[in-house]
Amino acid sequence: MFNVHGRWEYSIESPTIYIKVIGCFNREGIQAFTKDVFADLAKLPPQSIGYAVINLAEFELVTADSLAVATEYFHGVKARGYKRVVYIQASAVAKSLLEHIWRGSDMDIQFYDDIPGYLAKHPEHLYIKTWL
């Protein structure tokens, strides 16, 4: 087992979870991230979260061994009742990888170039601007 690589911050504002991922993630990093998030989501009533907004501005991708764990997590999101996942500031490589992971899932996936672009479309989330 290796040390955890990758950092994350998140804020749960039902029905949305806001996530910021930082750095490069290995398998252990993805597993630690999902464990943290699941622990907090388990405190909420089932189906409380329908939307995820993920800021990828400081994200540097994942290692090859973590892709299976990430894919499993992403596909489980739909089963847990999520309706939409939004990615902000995804690099071209990250966007391609995420499109590949989500392909065939029938999930509403959206990409925004930056935070102002996202907030222009979703002004009701303006209160979270400083956190994103």
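Within any chain, residue numbers begin from 1 and follow the written order of that chain's sequence. For a predicted model such as this one, the threshold for reporting local features is a pLDDT of at least 70, and the threshold for listing and counting side-chain atom pairs is 80 or more; totals across whole chains, interfaces and linings nevertheless cover every residue. The side-chain quantities take in all heavy atoms of the structure and omit both hydrogens and water.

Some thoughts on the nonpolar core
In globular proteins that are soluble, nonpolar side chains generally tend to be buried together. Here is the rule: What we call a nonpolar core is a set of buried Ala, Val, Leu, Ile, Met, Phe, Trp, Tyr and Cys residues that are connected through their side-chain atoms within 4.5 Å. Burial classes: relative accessible area under 20% of the type maximum marks a residue as buried, over 50% as exposed, and values in between as partly exposed (1.4 Å probe, protein chains only). Only DSSP runs of H or I with at least four residues qualify as helices, and only runs of E with at least two residues qualify as strands; both kinds are numbered from the N terminus onward. Contacts were defined at the residue level, with two residues in contact if any of their heavy atoms lie within 4.5 Å.
Core analysis: the biggest nonpolar cluster contains 26 residues, and Ile54, Phe74, Tyr82, Val85, Tyr87 and Trp102 have the highest contact counts within it. No other element matches the five residues that helix 2 (residues 67–79) contributes to this core. Leaving out residues up to four positions away in the same chain, Ile54 has contacts with Ile19, Val21, Val85, Val86, Tyr87 and Ile88. Core analysis: the second largest hydrophobic core is formed by nine residues, Tyr18, Val86, Leu119 and Ile128 among them.

Quick word on the layout of surface pockets
Our working rule: Cavity means a closed set of points on a 1 Å grid over the protein atoms alone, one where a 1.4 Å probe fits but cannot get out, pocket means an open set with protein on both sides within 12 Å along at least 5 of 7 lines, and lining means a residue has an atom within 4 Å of a point. Grid points are joined across faces, edges and corners, and a volume is the space filled by probe spheres set on the points. Gly is placed with the polar residues, together with every amino acid not listed as nonpolar (Ala, Val, Leu, Ile, Met, Phe, Trp, Tyr, Cys and Pro) or charged (Asp, Glu, Lys and Arg).
Considering only enclosed or pocket space, the largest pocket measures out at about 170 Å³ in volume. Lining the largest pocket are Phe38, Leu41, Ala42, Leu44, Pro45, Pro46, Gln47, Ser48, Ile49, Arg80 and Tyr82. Tallied by class, residues from the lining of the largest pocket come to eight nonpolar, two polar and one charged.

Some details on the packing of aromatic side chains
Convention followed: Note on aromatic contacts: the rings of Phe and Tyr and the six-membered ring of Trp form a pair at centre separations within 6.5 Å, being stacked when their planes are under 30 degrees apart, edge-to-face when over 60 apart, and tilted otherwise.
What the rule picks out here adds up to five aromatic pairs. A ring pair is formed by Trp8 and Phe33, whose centres lie 5.9 Å apart and whose planes are at 75°; its orientation type is edge-to-face. Taken together, the positions of Trp8 in strand 1 (residues 7–13) and Phe33 in helix 1 (residues 27–41) put the pair 25 residues apart, joining distant regions of the chain. Here the two residues Trp8 and Phe33 agree in accessibility, since each one is buried. Arranged with centres 5.4 Å apart and planes meeting at 20°, the rings of Tyr87 and Phe111 form a pair that is stacked. Of the two residues, Tyr87 sits in strand 4 (residues 84–88) while Phe111 sits in strand 5 (residues 108–112), which places them 24 residues apart along the sequence. When its relative accessible area of 1% is taken as the criterion, Tyr87 is described as buried. Overall, Phe111 belongs to the partly exposed group, its relative accessible area being 24%. Each member of the aromatic cluster is reached from another via a ring pair, and the members are Trp8, Phe25, Phe33 and Phe59.

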